[in-house]
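The residues making up each chain are set out below.
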Amino acid sequence: MREFIGNRISRGMTNVLVIGGAGYVGSHACKALAGAGYTPVTFDDLSTGHDWAVRWGPFEKGSILEPSALDAAMKKHDPAAVLHFASRISVGESVEKPEEYYEINVAGSVNVLEAMRRHGCSTFVFSSSAAVYAGNDFNIIPETAPLAPGNPYGHTKQVVEQVLKEFNAAHGFRAMALRYFNAAGADPAGDIGEDHEPETHLIPLAIKSALGLEPGLSIFGGDYPTEDGTCVRDYVHVEDLARAHVLAMECLRANGGIDFINLGGGQGRTVRQVVDTVQAVSGRDFPVTVTARRAGDAVRLVADIARAEEVLGWHPEKSDLKTVVETAWAWHAKHHGKK
């Protein structure tokens, strides 16, 4: 484990600006920051985030497409670092509306970096994605795997990563892009959880089916070369992700530089295994239909997480599938008034 973990930056009233802090991963990061002694300042336009998820620090409503709003938040709170989560995240929608994805994910991110530069803040942790990788050439995917996104969403994340390299070279920015695989689960205390509209992620869709909020679940493809014919994915608990962002920020504050790090559970699970686990945890059956493969879906996406351990001293603590599903089930049942 790196020395910075035993020699952390002064905390106390240290402010950290969390862009997109009212969203799923961002709100969990705010809770992790507060638990570590920082003051998270949420900056969010609430277009996809939720005001009920802002619980651990001040809230500034604003858009990353509005430089004046970013300037106002930076001036008011003088953050020591910025954690950036705000982006569009739907692969399918990115194919249909690429212009919106480039405007928000790329231009918006550059606006954040420029605001930081104007206000003398140079520590930046970026929410990137496994979507930057080509896909199927590795049993587990290391950070050295080729970057070849198969959709506009993934490409916007790759472009911002390149911008970070150039801001590091030109302006001395300390930056880390965390490439996470399938974020899943919910706050074990039940305070916050995953609530997207529309929902496209497997685990919440399966849980909503178990709760009777959906008529059933569709599995895309049952003829893949895997143990049960369904795709393999790597699920990482959102609380593990949140903790990694705090560690990444502290690492940058202590050591500087730039880095790109995978975050995953380190173990692949098939879609069918996920569905079976949701049914076992909930104690409820629901209709499951296998349909045609979805264009662009990789057979297997599993993270090599060795560098996260090496650089951050991080390893997943809650990312076993049963814990992921149990925490997600408890939150959704409570949130939807079904428990």
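Predicted model, so just to flag it, every value in this text is computed and none were measured. (Residues numbered from 1 in each chain as written. Predicted model: local features only at pLDDT ≥ 70, side-chain atom pairs only at ≥ 80, totals over all residues. Heavy atoms only, no water.)

Where do I start with the packing of helix 1 (residues 24–35) against helix 7 (residues 238–255) in this structure?
Packed helices, taken two at a time, are described by their axes: the angle between them and the distance between them. Look at helix 1 against helix 7: their axes get within 8 Å of each other, and the N-to-C directions meet at 60 degrees. In terms of axis orientation, helix 1 runs oblique to helix 7. Pair helix 1 / helix 7 crosses with right-handed handedness. Residues Y24, V25, H28, A29, A32 and L33 of helix 1 pack against V238, L241, A242, R243, V246 and M249 of helix 7. By residue class, the composition of the contact of helix 1 with helix 7 is 10 nonpolar, 1 polar and 1 charged. (Axes fitted to C-alpha atoms, helices over the stretch in contact; angles between N-to-C directions. Helix = DSSP H or I, 4+ residues; strand = E, 2+ residues; numbered from the N terminus. Parallel < 35°, antiparallel > 145°, perpendicular 65-115°, else oblique. Left-handed = near helix turned anticlockwise from the far one by under 90°. Contact = heavy atoms within 4.5 Å. Nonpolar A, V, L, I, M, F, W, Y, C, P; charged D, E, K, R; others polar.)

Help me understand the sheet that holds strand 10 (residues 258–263) in this model?
Sheets are built from strands paired through backbone hydrogen bonds, the pairs being either parallel or antiparallel. On the basis of which strands lie adjacent, the open sheet formed by 7 strands has the order 3-2-1-4-5-6-10 and parallel pairing. The open sheet has two edge strands with one neighbour each: strand 3 (59–61) and strand 10. Adjacent strand axes in the sheet meet at a mean angle of 20 degrees, parallel and antiparallel pairs treated alike. Strand direction decides the pairing type here: strand 6 (residues 174–180) and strand 10, joined by 6 bridges, are parallel. By the bridge assignment for strand 10, A177 is matched with F260. Of the strands in this sheet, strand 1 (15–19), strand 4 (81–84), strand 5 (123–129), strand 6 and strand 10 touch helix 7, which is tilted by about 160 degrees from strand 6. (Pairing = 2+ DSSP bridges.)

Just to check I follow, could you spell out the nonpolar core for this structure?
In terms of nonpolar packing, the biggest core is built from 44 residues, with M176, L312 and W314 touching the most fellow members. Of all the elements in the fold, those that place two or more residues in this core are strand 1, helix 1, strand 4, strand 6, helix 7, strand 10 and helix 9 (306–312). Those residues in contact with W314 that sit more than four places away from it in its chain are V236, D240, R243, A244, L247, L263, G264, I305, A308 and E309. With 27 residues, the next largest nonpolar core counts I64, A69, C121 and A177 among its residues. (Core = buried A, V, L, I, M, F, W, Y, C linked by side-chain atoms within 4.5 Å. Buried < 20%, exposed > 50% of the residue type's maximum accessible area, 1.4 Å probe, protein only.)

Explanation requested: the packing of aromatic side chains in the structure shown.
The relative placement of two aromatic rings is captured by the distance of their centres and the angle of their planes. Counted by the stated rule, this structure contains 4 aromatic pairs. Centre to centre, the rings of F124 and F126 are 6.3 Å apart; their planes meet at 15 degrees, and the pair counts as stacked. F124 gets classed as buried once you look at its relative accessible area, which sits at 0%. For F126, a relative accessible area of 2% translates into the label buried. Lying across the ring of F260, K165 places its NZ or CZ 5.4 Å from the centre. A cation over an aromatic ring shows up here: R293 above the ring of Y224, its NZ or CZ 4.0 Å from the ring centre. (Phe/Tyr/Trp six-rings, centres within 6.5 Å; stacked < 30°, edge-to-face > 60°. Lys NZ or Arg CZ within 6 Å of the ring centre and 35° of its normal.)

Hey, could you run me through the packing of helix 6 (residues 202–210) against helix 10 (residues 321–335) in this one?
Look at helix 6 against helix 10: their axes get within 10 Å of each other, and the N-to-C directions meet at 55 degrees. By the angle between their axes, helix 6 is oblique relative to helix 10. Seen from above, helix 6 lies across helix 10 with right-handed handedness. Packed against helix 6, whose contacting residues are I203, P204, I207 and A210, the element helix 10 presents V324, V325, A328, W329 and H332 at the interface. Considered class by class, the residues forming the contact of helix 6 with helix 10 number 8 nonpolar, 1 polar and no charged.

Can you help me understand the environment of A206 in this one?
Of note, A206 is situated in helix 6. Setting aside chain neighbours within four positions, we find A206 in contact with L217, V278 and F286.

Spatial relationships are all this shows, so hold off on functional conclusions.
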